[in-house]
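Each chain, written out:
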Number of protein chains: 2
Amino acid sequence: MAATIGDVARVAGVSRSTVSYALSGKRAISEETRTRIQEAIEQLGFTPNAGARALATSQTNVLGLYLQFEEDEFAPAMLQYVLPVSTTARDHGYDLLMVTDPDLVNAVRRTTSSAMVDGVVLLDVTYDDVRLEPLRGATQPAVLIGYARNGEGFDSFDLDFGEAARLIVDHLAALGHRDIVLITPPRQVYDRGGSYAWRFRDAAVERAARYGMRLAPHYGESRQPGIVDELDAALAASPDATAIVVHNDATIAALPSYLDKRGIRCPDDLSVIGVFSQDFAQAFSLPFTAVETSPDALGQEAVRRLILRITAPEQAGAPVVRFIEPALVDRGSTRAVG
Amino acid sequence: MAATIGDVARVAGVSRSTVSYALSGKRAISEETRTRIQEAIEQLGFTPNAGARALATSQTNVLGLYLQFEEDEFAPAMLQYVLPVSTTARDHGYDLLMVTDPDLVNAVRRTTSSAMVDGVVLLDVTYDDVRLEPLRGATQPAVLIGYARNGEGFDSFDLDFGEAARLIVDHLAALGHRDIVLITPPRQVYDRGGSYAWRFRDAAVERAARYGMRLAPHYGESRQPGIVDELDAALAASPDATAIVVHNDATIAALPSYLDKRGIRCPDDLSVIGVFSQDFAQAFSLPFTAVETSPDALGQEAVRRLILRITAPEQAGAPVVRFIEPALVDRGSTRAVG
DNA sequence: CTGAAAGCGCTTACAG
DNA sequence: CTGAAAGCGCTTACAG
């Protein structure tokens, strides 16, 4: 069917090894030979067979991206991470194997030990991530987008959610707020071990305590009508709250409509502050001040690091756990009180 | 590093071919030999090398999924199609190579002619889709999710958008509506050749004309503040409109908030009817009657067909263009007028 | 029921 | 500057 390197060699009148070297540039080829080979390649529409190349070089130029679509997760939020990973990989000459098999451990083991991928990107990382075990036995390096307690030995990239919480509480404290509601990720995220959930919440609680502020955390929901019910309940439980902090994608996306419906004016009646990315704000028309989550930067940095570890492990050095610095984007949805 | 079939053979005390046959089940193996092999496999943690297997069998058990993230597209909507494709593929033993390279033609050519994939799933299909040309030369079968004029020879699966439009217009006509606004996909979708855009619009216009109804189409936007501005303009241009039909994901997602803000009650002041999936409705809490777009069914059917064409081409028969039947899901957002 | 061997299409020392 | 050959790790006729 498809042309092989042998066909190219025959048409160009050279040996197969010469064609191979012309392709890789790993040794000098005379100008004339090179053009003959080039012509043969074009004439035959030759592309090297990926399997054969992988077998010979032990490299696939494919990265594995492992993620799950959880029921309690807000799908649009996850997509923000997939895109930069995909783009960055391609920019460096890597394709992406997207693995969504619910049997995580097996999927990781299968794809790594069959040498389908040169490296692994983990999304939806949990505090005790079951995928790390099979990964330790793997020959391929891995990078986590998120943070795992058992992540030792792997590069990790995540937002500094503790710092994000402190930034927000400080901001509200400076404006004079004393009574705050916090909507956290759904309870299932905690159960599953999504550490960003409690890293943010615990830091917020601690910081608020330092200021002597009242801060009431409530588990948010990811689906209607739960989202609205939970908001109602949370606000009813804190009738004097002057601000709401939302660390929950589905809830913040539904908030503009909720506030309208309840006749709550922002920031006049209630200051609002969230945790989401610029892109997310765009897509959902969110007019709220927020800590930027920077999925683009995170994805890009993670993939770059992974590729460095694949191609130049000695340069990559020791595993790094990098918490990127959050920044507050003021969209004017908070105001001074008292 | 990783154990090979030779290692397994040695440990089990059999030949490599016997191990291979034990793996594939393609010939009878004595019970005793089988268990020895099984033990050796487990002891060594053996998984067949994917590249070697691909080289020997000309099969990768990988499907290519080709999509673009367009600026003017509402990302969450696209994800609905990715998920069922991924899930269905895995259910049939296939992994998914996700290709988002902006250089479409080259990406298709490269991945098919290097034999990285056994089959191709095309998303974001346009009326004159440039990816079909390289696909004709490919040895792998392809399936389109969407419709292309130059799609002859390929299996295609899409919603019957013409019928969807007629269903909606009929529904509104039966309720006595005579003056309707239609928000279509963004202009760029038309420019790019997204046929679902005009298939829906043209059918709606034609059907409305038959009833002697006024139907005013407006290009919707995909980002704020354009969405709101365009809605304002569209409604202002049809001050007597009693219903709005929204065939635009970003607009329908923003509509609840818009209606609240403008104090428009639905369906009392305005009947609303959309084109979106059950899942989309859930995620965005959309209380609107709509034509179900069935991304799950579409993705699943498409992948099944593709796999049939890969594994049993003689059974697959002639290429099929399947427009799945739309159904109206009544959520009570339309009412009788006049 | 099992084995020895050829072959899939590349890359890369080894030789010249 | 170029070629002949071994080897990557599988599968599968061919033989027994």
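Please refer to the structure placed before this passage.
Source: prediction; values computed, not measured.

A.B. asks: Would you explain the packing of helix α12 (residues 249–262) of chain A against helix α12 (residues 249–262) of chain B in this entry?
C.D. replies: To characterise two packed helices, one gives the angle between the axes of the helices and the distance between these axes. Between α12 of chain A and α12 of chain B, the shortest axis-to-axis distance is 9 Å and the interhelical angle comes to 25°. Classified by the interaxial angle, the pair formed by α12 of chain A and α12 of chain B is roughly parallel. Crossing handedness for the pair α12 of chain A and α12 of chain B: left-handed. For the pair α12 of chain A and α12 of chain B, contact is made by Pro 256, Ser 257, Asp 260 and Lys 261 of chain A and by Pro 256, Ser 257, Asp 260 and Lys 261 of chain B, respectively. Within the contact of α12 of chain A with α12 of chain B, the residues separate by chemical class into 2 nonpolar, 2 polar and 4 charged.

A.B. asks: Any chance you could explain the relation of the copies chain B and chain A here in plain terms?
C.D. replies: The second copy of the chain is related to the first by a rotation about an axis and a shift along the axis. Structural alignment of chain B on chain A gives an RMSD of 0.1 Å, achieved by rotating through 180° and translating 0.0 Å along the axis. The transformation just described matches what one would write down for a two-fold rotation axis.

A.B. asks: Please clarify how the protein's contact with DNA strand D should be interpreted in this entry.
C.D. replies: As a structural note, the neighbourhood of DNA strand D is formed by 30 residues, with Arg 27, Ala 28 and Thr 33 of chain A together with Ile 5 and Ser 20 of chain B the closest of them. When atoms of DNA strand D within 4 Å of the protein are sorted by moiety, sugar and phosphate together comprise 53%. For DNA strand D, a base nitrogen lies 3.0 Å from a polar atom in the side chain of Ser 17 of chain A. Here a phosphate oxygen of DNA strand D and a backbone polar atom of Asn 49 of chain B are 3.3 Å apart. Put simply, the parts of the chain that give the surface near DNA strand D at least two residues each are α2 (16–24) and α4 (50–57) of chain A together with α2 (16–24) and α4 (50–57) of chain B. Among the elements that line the surface near DNA strand D, the one with the most residues is α4 of chain B, at 5 residues. By residue class, the composition of the surface near DNA strand D is 13 nonpolar, 11 polar and 6 charged.

A.B. asks: Explanation requested: the sheet that holds strand β6 (residues 179–184) of chain B in the structure shown.
C.D. replies: Two orientations exist for strands paired in a sheet by backbone hydrogen bonds: parallel and antiparallel. Residues and elements named next belong to chain B. Overall, mixed pairing links the 6 strands, which are arranged β7-β6-β8-β9-β10-β12 in an open sheet. Where the open sheet ends on each side, the last strands, each with one partner, are β7 (214–219) and β12 (327–329). Shown here is a sheet whose adjacent strand axes are inclined to one another by a mean of 20°, direction ignored. Where strand β9 (residues 271–275) and strand β10 (residues 289–292) come together, 3 bridges link them in parallel fashion. Paired with Gly 274 across the bridge in β10 is Ala 290. Against the sheet, helix α10 (residues 195–211) makes contact with β6, β7, β8 (243–246) and β9, and its axis sits at roughly 160° relative to β7, the strand it touches most. Each of β6, β8 and β9 touches α12; the most contacted strand, β9, lies at about 155° to it.

The rules behind these values
- Residues numbered from 1 in each chain as written.
- Chains lettered and ligands numbered in written order.
- Predicted model: local features only at pLDDT ≥ 70, side-chain atom pairs only at ≥ 80, totals over all residues.
- Heavy atoms only, no water.
- Axes fitted to C-alpha atoms, helices over the stretch in contact; angles between N-to-C directions.
- Helix = DSSP H or I, 4+ residues; strand = E, 2+ residues; numbered from the N terminus.
- Parallel < 35°, antiparallel > 145°, perpendicular 65-115°, else oblique.
- Left-handed = near helix turned anticlockwise from the far one by under 90°.
- Contact = heavy atoms within 4.5 Å.
- Nonpolar A, V, L, I, M, F, W, Y, C, P; charged D, E, K, R; others polar.
- Least-squares fit on C-alpha atoms with pLDDT ≥ 70 in both.
- Near = heavy atom within 4 Å.
- Polar contact = N/O pair within 3.5 Å; in protein donor to acceptor, adjacent residues only side chain to side chain.
- Pairing = 2+ DSSP bridges.

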